[in-house]
Every structure is written in structure tokens, then in C-alpha cells.
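Spelled out from the first residue to the last, the chains are:
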Amino acid sequence: MPHPRTAGSVVKASAVSEALAADRLGVPAVVFFVMSAATPLTVVAGVITLAYAITGSLSLPLAFVLVGAVLAVFAVGYVAMSRHVANAGAFYAYISQGLGRPAGVGAAWVALTAYNLLQVGLYGVIGFVANELIAIWFAVSVPWWVVAFVAWAIVAGLGVQQVDVNGRVLAVLLCAEVAVIAVFSAVSVANPDGDSVSFTTLAPGNIVAEGVGAILVLGVLGFVGFEAATVFSEEAKNPRRTVPAAMYVAVGLLATLYATAAWAMSVAVGPENIAAMAREMEVALIFVLAEQHLGAAVANIGWVLFLTSLLAAMIAFHNITARYMFSLGRERVLPAALGRTSVRTGAPKIASLVQTVIGALVITGYAVGGFDPLVQLFFWGGAAGGLGVLLLITATSAAVLGYFARRPSGETLWRRAVAPSAATVALVAVAYLALLHFAAVLGVGSGHPLRWGVPAAYLLIAVAGVGWGLVLRRSEPGVYASIGRGAKSVTRPPAAEQVANRPAPSAPELPR
Amino acid sequence: MLLGDEFWLIAHQEHSGRPRLSTRVLGLGLAGALLGELVFCRSVTVVRGQVHVVSHAPPPDELAHWVLGQVTAEATAHTLRTWLVFLSRNAHELVAQRMWHAGKVQRETSRRVLKQVITYLPADAGQAAWAIARLSNSLRRQAPMDQADAFLAGLALATGLDQVMLDAAGRGPHQYLSHVVGGLVAPLHEIVVHTQAAVGDAVLSQRA
């Protein structure tokens with residue numbers, strides 16, 4: 001049978017387009033990427049249990065549904081704008097184009113801080129989890145920071161090597177994680193506390209309770225990583241459909257998974273006991289529950305997957321942070337050295353090393369200071385990082401609105417105005433509540449220095465970034481012009497004086 | 001001078017034939033060099049990131065002819081970026097084959113687990129080493145460079161090979177390199193910066 005395109009086809013098939021299409025990503029590939037970056041088991045075993053322990057809130061399952069819905073609406077405008085953004089994977093690029101370049105620099109610095117907090121926070125929890133496994137298998141106890149440094153060395157090595165943690169490996173691990181969450185949740189619901197399944201934690205009435213801002217921040221934390229899907233808009237099969245479809249699917253799946261797992265936990269121990277149980281067992285809670293009903297072997301599989309999930313999360317956040325520094329280095333907003341790649345591996349070498357040094361300093365500081373790795377490093381780091389990402393998403397949503405207000409052509413009213421407006425209003429409300437209840441997110445009193453220290457630090461960093469942007473506008477117009485363009489900043493249209501100096505295309509003769 | 005061959009020599013170790021660059025970056029650099037050959041043959045030009053055919057006269061080199069054939073065969077003009085990505089997919093094999101036919105490299109076949117691996121070794125290690133040393137000398141002495149050498153130096157900068165070429169060279173030669181790249185004719189300059197952007201974007205969209 002002749003190929004349909006060769007027989008009687010008017011439009012000649014493009015060999016280039018066909019060849020490149022073979023490399024392009026479809027919806028499942030992008031969904032896997034987004035969900036791997038979100039590392040669901042880390043969220044379920046780590047974030048949800050500690051959120052119950054620290055906030056004591058009963059509306060956690062609903063918070064995930066609510067945040068998922070807001071993020072899905074946010075994604076409408078975000079993905080629409082990503083087609084017009086040179087560095088489509090980074091919030092600050094949107095903010096540069098939508099709210100001005102100085103705001104973009106401020107956002108970039110906030111983002112660097114927030115992702116850093118999320119990344120280094122994971123060193124705290126991995127120490128705890130690995131210790132649990134080592135105790136089970138070898139009946140010895142090692143300090144958490146020893147394990148943290150082993151994990152740190154692995155992340156550092158992979159970061160400089162630019163080793164592709166094989167997509168298939170990540171996909172298999174992700175499927176295993178989802179399976180573990182599903183099985184553990186099903187068993188919890190099948191063995192409810194007091195022999196009756198309670199729907200208390202799904203009751204909408206709880207969401208308006210005191211401290212709702214706290215659980216919304218933690219809800220956002222569960223989805224962090226979804227924003228990177230737009231980095232593939234240039235490589236997607238259908239730029240207009242693949243990335244948005246993948247984002248909705250991923251956000252929907254994650255919201256369902258988190259809400260179900262959080263609800264199932266409350267069913268297993270009873271809503272009235274969940275906070276106390278979570279405080280007592282911390283991240284071990286779901287594994288202890290699984291062991292009761294499924295045996296130690298299954299619980300151990302869960303522990304191992306939790307460990308690999310944490311490693312994957314660390315590598316993902318290490319790469320996100322290193323790439324942020326790399327783009328800013330390429331734009332020369334940060335020192336150009338950060339934009340250097342390793343000759344042999346093509347990895348963002350210097351940026352990766354800087355991130356590695358930061359990790360070492362934090363682990364050392366916590367080990368020397370004797371701070372609690374689980375609550376004070378992992379949970380506080382996660383909560384503070386989650387707040388930063390929430391503030392960035394809120395600013396990005398406003399930027400989308402601002403961008404399309406000036407360039408409305410080519411997008412429907414829904415995508416350029418209605419959805420971004422709704423998302424911005426909702427996100428501003430969430431951010432306001434988060435700031436209002438930030439003491440509850442951290443589980444500290446309202447007089448604690450971190451209660452205002454974290455929001456104030458973000459404000460200071462943002463203001464400093466805006467200031468630096470304004471300095472660049474005055475002193476380095478070329479650099480200023482390329483803010484938010486990432487790797488493409490070298491291809492900017494040359495400034496006027498460069499055009500004058502550049503020989504006209506025909507001026508110097510090319511040798512034969 | 002065949003720019004693709006020269007860049008291939010710069011990008012590989014002269015004795016072992018091992019690439020100095022990662023596969024993706026090496027492919028992009030070679031793709032830039034192949035498009036540069038067409039610019040030097042006056043077959044194509046680049047205007048604001050788009051590749052346009054200016055002459056259908058067959059270039060003397062067979063591979064350049066094939067690349068030009070690919071460009072002319074397309075019904076619509078593609079961006080320089082698209083061509084870089086398209087050609088980068090098998091530029092390494094294409095250039096190595098051409099060099100093998102010309103006796104510039106030797107082919108070695110070795111068996112690894114489950115598959116055969118073909119590696120190419122420079123036939124004359126001294127000549128191969130000269131490819132990078134010549135550019136390095138010119139840059140270090142800040143000697144005048146013709147468009148072909150300036151273009152190769154630009155591709156080295158775009159792919160990160162300048163770190164090898166100007167190892168421990170200090171500030172002056174690096175600044176001179178930027179100056180040399182700034183003096184490239186517009187189409188060649190565009191190829192260099194778009195290669196550099198593609199290399200950077202490869203970092204940002206790494207499918208980990």
C-alpha cells in the first residue's frame with residue numbers, strides 16, 4: 001500500500017518536520033515528567049503526615065482539591081503565555097514580560113531562595129528515613145547527617161555529570177510510588193478506626209476553620225514541579241494541546257492521589273486521633289499502618305520507595321535550582337560563569353557546584369547546631385519554600401493577565417482574560433491567608449522570629465532583586481534587555497551601536 | 001577548508017578520538033559548521049533566524065550538496081534553530097563518514113555487550129592537534145583571523161570548547177574571542193549565536 005502522503009498528495013511532506021516529530025513529546029511523556037518532579041510519595045508520606053502533626057487541621061484532603069482546582073485554572077493562562085516566553089520553564093521569565101524586567105529579577109531571586117529551601121530541606125528527611133531502614137536491616141543507628149551527606153554526594157555527582165536519570169527508571173519508580181499510595185490508602189479505608197468509615201475530613205465545613213492558610217501552603221507544596229512542564233512547549237508534539245492537556249491530567253491525578261491518601265489516613269486512625277498519631281509517628285505513620293495490615297515486607301517496600309522518591313525529588317530540585325542560576329548566568333543578571341556548561345558533559349557545571357556548596361553548608365549548620373532535621377529542616381524548609389512558590393505563582397498569574405492585556409491577539413477571551421483573572425483573585429486570596437496563618441504553617445507561636453522572618457526575607461530579597469534590575473537598566477542596557485530570555489539571550493536583536501559596527505552582510509568578502 | 005571536518009577535529013581528542021563534548025552539544029556544533037559551509041559556498045544565507053536558499057548551484061562537496069538538497073526540498077523556510085536541531089541528529093555520523101572517505105580518520109569497530117561500536121580516530125594525530133592549536137595560537141596572540149577561523153572559534157565558544165582552547169589564557173584572549181565573533185558577517189554570526197542558544201536550551205530542557 002502506498003504511503004498516503006506520496007500518492008496524490010498536494011502538499012509535499014516535510015522530511016524535516018517528520019524527522020523532528022519522531023523526537024517530540026506526547027501527553028503521557030509530559031505527564032510522567034510533571035508527576036516525577038512532584039514525587040508523590042514524598043508528599044504523601046512526608047508532607048501530609050507532618051501537616052496533620054503540625055497544623056492539626058482536618059481539612060487537608062479538601063485543601064489539595066481546592067489548590068488543584070486553582071492551579072488548573074492558573075495553568076490555562078500560564079500555558080497560553082508560555083508560547084510567547086523564551087525561557088518557558090521559569091516563573092521569572094513570565095514576570096519579566098508581564099510585570100516588567102525589574103520585577104522579573106526580584107522574582108528570580110525569590111525563586112532561587114524558595115527552590116533552594118525545598119531542595120536542602122529534603123536532606124533532613126532522607127537522613128531520618130534511611131536511618132529507619134538501616135535500623136530495620138542492620139540494627140544500628142547512624143546520625144542523620146551522615147546519610148544526608150551520602151545523599152548530598154550522590155546529588156552532587158549526578159548534577160555535575162548531567163546524568164540522565166533514565167526516563168524509564170523514573171517512570172517505573174513513579175508507577176511503583178502511585179501503586180504503594182493506592183494500596184496503602186485502600187487498606188486504610190478497608191480497616192477504618194472504630195469500624196466505620198468517617199468522611200469528616202472531606203466535609204466542606206472544615207475548610208473555613210482557623211488556620212486554613214496553613215494547609216493551603218502545604219497543598220501548594222504538593223504540586224511544586226508542575227510548573228516545569230512548559231519547558232517542553234518547544235519539544236511537544238502539538239504545542240497548543242500537548243502541554244496544557246498534560247498539565248491538567250497531572251494536576252488532576254496529583255490532587256486525587258493526595259486527597260485520597262490524606263483522607264484514608266484519617267479514616268485508618270480516626271479523625272479525632274490523626275493529629276496526635278501523626279505527632280507521635282511523624283513520617284513513619286503510613287508505613288506503620290501498612291505494616292499492621294499488610295505485614296513488614298510490604299511496609300519495607302514502601303520505605304525503600306520513599307527513599308528513592310526522596311532522592312528523585314532532591315535531584316529534581318537540585319536541577320531546577322541549578323538551571324535557574326544557569327539561565328540567569330546566561331543572561332548575565334548573575335555572574336556569567338554560572339552560565340557555563342561543562343565541556344565534557346554539557347551540564348551547568350558552576351551553577352550545580354554552587355548549589356552543592358549551599359547544601360553542604362546547610363547540612364553542616366544543622367548538624368553542628370543540633371537542630372531537628374525532620375521538623376526544623378524538612379518541614380520548615382518545605383513550608384517556607386512552598387510559601388515562596390505560592391507567591392511566585394500569584395505574581396506569575398498577574399503577569400499573564402498583564403501580558404495579554406497588552407497583546408491580546410491570537411488567544412481566546414477565556415485563556416487571556418477570564419481564567420487568568422479568576423486564578424489571580426483566587427491566588428491572591430490564598431497568598432493572603434497563607435501570610436495571615438504562617439505561624440500555623442510552621443507550628444510555632446505568633447511571637448516566633450520565623451513567623452515574620454520568612455515573609456520579611458522574601459520581601460527583602462524581592463526588593464533587592466528589583467533594585468538590581470533597576471541598576472542594570474541604567475548601567476547595562478544590553479543585559480537589561482535580555483532579562484527573562486534565558487539561553488536565548490545571546491540571540492537578542494543587536495543594540496543600535498552594535499548594528500552600526502557590525503559589517504553589512506556583503507561588506508567583508510567571504511573567501512572562496 | 002571544510003568547516004565540518006575542522007570542527008570535528010577540534011571537538012575530538014587527537015589520540016583517542018574520544019569526543020570532548022557531550023553528544024547533544026557535539027551534534028549542534030557540527031550542525032552549525034555544516035550550515036556554515038553552505039554560507040561560505042554562497043548557497044544559503046541567514047536573515048533574522050531564517051535560512052534562505054540563494055543559489056541552487058551544486059556545492060563542490062558531496063555532503064554540502066546533500067545538506068543544500070535538504071534545505072531546497074522543504075516547501076516552507078525553516079528557522080535556523082530547526083535546521084540546527086534537524087542536522088544535529090546525525091551530523092556526527094555524516095561528517096565522520098566524509099572524513100573517513102577522505103582518509104582524515106580511521107574507522108575502528110569494536111564489539112561491546114550486545115552491540116557493535118564504531119569509533120573514528122584521526123589518521124594523523126599531529127594534524128588533528130594542529131586544528132585546535134592553530135586557533136588557540138591566533139586567539140592568544142590576538143592575531144587577525146579570517147572569517148572561517150573566526151567562525152570556528154565562534155562555534156567553539158558556543159559549545160564551550162573555548163574552555164579547552166583558551167585553558168589558563170587569562171582575560172585578554174577571551175575578550176579577543178568575543179571581539180572576533182562580533183566581527184563575523186551577519187549570517188555566520190547568527191549561526192554562532194543560535195548554536196549557543198540551542199546548547200543553553202539543551203541544558204534547560206534536559207529530559208531527566
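Computed from a prediction, not measured in an experiment: that's the story for all the values here. (Residues numbered from 1 in each chain as written. Chains lettered and ligands numbered in written order. Predicted model: local features only at pLDDT ≥ 70, side-chain atom pairs only at ≥ 80, totals over all residues. Heavy atoms only, no water.)

Asks: Explain the overall build of chain A to me, using residue names and the numbers behind them.
Replies: Along its length, chain A carries 20 helices and 0 strands. Taken over the C-alpha atoms alone, chain A extends approximately 85 × 65 × 45 Å along its principal axes. The proportion of buried residues among the 512 residues of chain A is 54%. When contacts within chain A are restricted to residue pairs at least 6 apart in sequence, long-range pairs at least 24 apart make up 80% of them. Carbon and sulfur atoms form 68% of the exposed surface of chain A, whose accessible area is close to 20200 Å². (Helix = DSSP H or I, 4+ residues; strand = E, 2+ residues; numbered from the N terminus. Buried < 20%, exposed > 50% of the residue type's maximum accessible area, 1.4 Å probe, protein only. Contact = heavy atoms within 4.5 Å. Areas by Shrake-Rupley, 256 points an atom, 1.4 Å probe, with all protein chains shown as cover.)

Asks: Please give an account of the overall build of chain B that cites residues and values.
Replies: When helices and strands are counted, chain B shows 10 helices and 4 strands. For chain B, the sequential pattern of α-helices and β-strands runs α-α-β-β-α-α-α-β-β-α-α-α-α-α. In terms of C-alpha radius of gyration, chain B reaches 17 Å, essentially the compact-globule figure of 17 Å for 208 residues. For chain B, the C-alpha atoms occupy an extent of roughly 45 × 40 × 40 Å along the three principal directions. The 208 residues of chain B split such that 57% are buried. Counted over contacts in chain B with a minimum sequence separation of 6, partners at least 24 positions apart contribute 66%. Accessible surface computed for chain B: about 8800 Å², of which carbon and sulfur atoms make up 53%. Of note, chain B has its 18 positive side-chain charges centred 6 Å away from the centre of its 16 negative side-chain charges. (Rg over C-alpha atoms; globule rule 2.2 N^0.38 Å. Lys, Arg positive; Asp, Glu negative; His and termini not counted. Charge placed at Lys NZ, Arg CZ, Asp CG, Glu CD.)

Asks: A description of the interface of chain A and chain B should follow, citing residues and the corresponding values.
Replies: Each partner contributes residues to the interface: chain A has 44 residues there, and chain B has 43 residues. When chain A packs against chain B, the two sides together hide about 3900 Å² of surface, and 56% of this comes from carbon and sulfur. The interface formed by chain A and chain B holds 2 salt bridges in total. Applying the counting rule to chain A against chain B returns 8 residue pairs in polar contact (both at pLDDT 80 or more). Broken down by secondary-structure element, the contributors of at least two residues to the side of chain A that touches chain B are α1 (15-21) and α13 (296-331) of chain A. (Buried area = accessible area lost by both parts, 1.4 Å probe. Salt bridge = Lys/Arg side-chain N within 4 Å of Asp/Glu carboxyl O. Polar contact = N/O pair within 3.5 Å; in protein donor to acceptor, adjacent residues only side chain to side chain.)

Asks: Help me get a handle on the side chain of E37 of chain B, residues and values and all.
Replies: Residues and elements named next belong to chain B. Examined against the element boundaries, E37 turns out to sit in helix α2 (residues 23-40). For E37, a relative accessible area of 5% gives the class buried. Apart from residues lying up to four places away in sequence, E37 is in contact with L2, L3, G4, D5, D61, A64 and R98.

Asks: Kindly report on unusual backbone geometry, identifying the contributing residues and their values.
Replies: Its identity as a non-glycine residue notwithstanding, T39 of chain A has a phi of 40°, on the positive side. Here T39 of chain A lies in the loop between α2 (27-38) and α3 (40-55). Classification of T39 of chain A as buried rests on a relative accessible area of 4%. Despite not being glycine, Q142 of chain B has its phi angle at roughly 55°, a positive value. Classification of Q142 of chain B as partly exposed rests on a relative accessible area of 39%.

Asks: Which residues make up the packing of aromatic side chains, and what are the values?
Replies: Under the defined criterion, the tally for this structure stands at 18 aromatic pairs over all chains. Pairing F199 of chain A with W263 of chain A gives two aromatic rings, centres 5.4 Å apart and planes at 20°, and the pair type is stacked. In this pair, F199 of chain A is assigned in the loop between α8 (167-190) and α9 (212-223) and W263 of chain A in helix α10 (residues 242-269), connecting sequence segments 64 residues apart. Through pairs of rings, three or more aromatic residues link up here, namely F74, Y78, F91, Y94 and F226 of chain A. Between the NZ or CZ atom of R451 of chain A and the centre of the ring of W452 of chain A, over which it lies, the distance is 3.8 Å. The ring of W100 of chain B carries the charged tip of R107 of chain B above its face, separated from the ring centre by 4.5 Å. (Phe/Tyr/Trp six-rings, centres within 6.5 Å; stacked < 30°, edge-to-face > 60°. Lys NZ or Arg CZ within 6 Å of the ring centre and 35° of its normal.)

Asks: Tell me about the pattern of salt bridges, and please be specific about residues and values.
Replies: Residue and element names in this part refer to chain B. Applying the stated criterion to the full structure yields 12 salt bridges over all chains. Among the salt bridges present, the one from R98 reaches E37, with a minimum N-O distance of 2.7 Å. Taken together, the residues R98 in helix α5 (residues 91-101) and E37 in helix α2 connect sequence positions 61 residues apart. According to the relative accessible area criterion, R98 is buried, its value standing at 10%. Connected through shared salt-bridge partners, D5, E37, D61, R98 and K104 make up one network.

Asks: Could you give an account of the pairing of strand β4 (residues 116-122) of chain B, naming the residues involved and the relevant values?
Replies: On a regular strand, each side chain points to the face opposite its neighbour's, so the side chains alternate between the two faces of the sheet. Residues and elements named next belong to chain B. Two elements, strand β3 (residues 105-111) and β4, share 7 bridges in a ladder whose sense is antiparallel. Bridged to R111 within β4 is Q116. The antiparallel hairpin formed by β3 and β4 contains 4 residues in its connecting segment, where L114 sits at a positive phi of about 70°. (Pairing = 2+ DSSP bridges.)

Asks: Explain the nonpolar core to me, and be specific about the residues and the numbers.
Replies: Taken as a class, soluble globular proteins show a tendency for nonpolar side chains to be buried jointly. Formed by 153 residues in total, the largest nonpolar core has its most connected members in Y115, F223 and F306 of chain A. Residue contributions to this core peak at 17 residues, all from helix α15 (residues 373-406) of chain A. Every residue in contact with Y115 of chain A, bar those within four places of it in the chain, is listed here: F91, V224, E227, F317, I320, T321, Y324 and V389 of chain A. Formed by 70 residues, the second largest nonpolar core is a distinct cluster that contains L30, W83, A158 and V185 of chain B. (Core = buried A, V, L, I, M, F, W, Y, C linked by side-chain atoms within 4.5 Å.)

Asks: Please give an account of the confidence of the model for chain A that cites residues and values.
Replies: Residues and elements named next belong to chain A. Per-residue pLDDT for chain A has a mean of 87; in total, 91% of the residues score no lower than 70. Taken as a whole, residues 1-11 scores under 50 in pLDDT and shows 4 contacts with residues more than four places along the chain or in a different chain. Every residue in residues 493-508 is under pLDDT 50, and counting partners more than four places away or in other chains gives 12 contacts. (pLDDT = per-residue confidence, 0-100.)

Asks: So what's going on with helix α3 (residues 62-73) of chain B? Which residues, and what values?
Replies: All names here are of chain B. Here α3 is 12 residues long and its end C-alpha atoms lie 16 Å apart, about the 16 Å a rise of 1.5 Å per residue gives. Listed as buried for α3 are L63, A64, V67, L68, Q70 and V71. Seen end-on, α3 carries its buried residues on one side only, within an arc spanning 155°. Close packing links the buried residues of α3 with α2, β1 (44-47), β2 (50-53), α4 (80-88) and α5. A distance of 3.0 Å separates the backbone nitrogen of L63 from a side-chain oxygen at the start of α3, and that oxygen is part of D61. (Expected span 1.5 Å × (residues − 1). Arc of directions from axis to C-beta.)

Asks: An account of α15 of chain A is requested, with residue identities and associated values reported.
Replies: Residue and element names in this part refer to chain A. For α15, with 34 residues, the first-to-last C-alpha span of 47 Å sits near the 50 Å given by 1.5 Å per residue. At W380, α15 shows its largest bend, some 25°. Among the 34 residues of α15, 26 are classified as buried, and the element is accordingly described as predominantly covered. (Bend = angle between axes of the 7 residues up to and from the residue.)

Asks: Which residues make up the packing of helix α4 (residues 60-82) of chain A against α9 of chain A, and what values go with them?
Replies: Residues and elements named next belong to chain A. Between α4 and α9, the shortest axis-to-axis distance is 8 Å and the interhelical angle comes to 60°. Our classification of the angle between α4 and α9 gives oblique. Crossing of α4 over α9 shows right-handed handedness. Facing α4, whose interface residues are L60, A63, F64, L66, V67, G68 and L71, α9 presents I215, L216, L218, G219, V220 and F223. Residues that form the contact of α4 with α9 fall into these classes: 11 nonpolar, 2 polar and no charged. (Axes fitted to C-alpha atoms, helices over the stretch in contact; angles between N-to-C directions. Parallel < 35°, antiparallel > 145°, perpendicular 65-115°, else oblique. Left-handed = near helix turned anticlockwise from the far one by under 90°. Nonpolar A, V, L, I, M, F, W, Y, C, P; charged D, E, K, R; others polar.)

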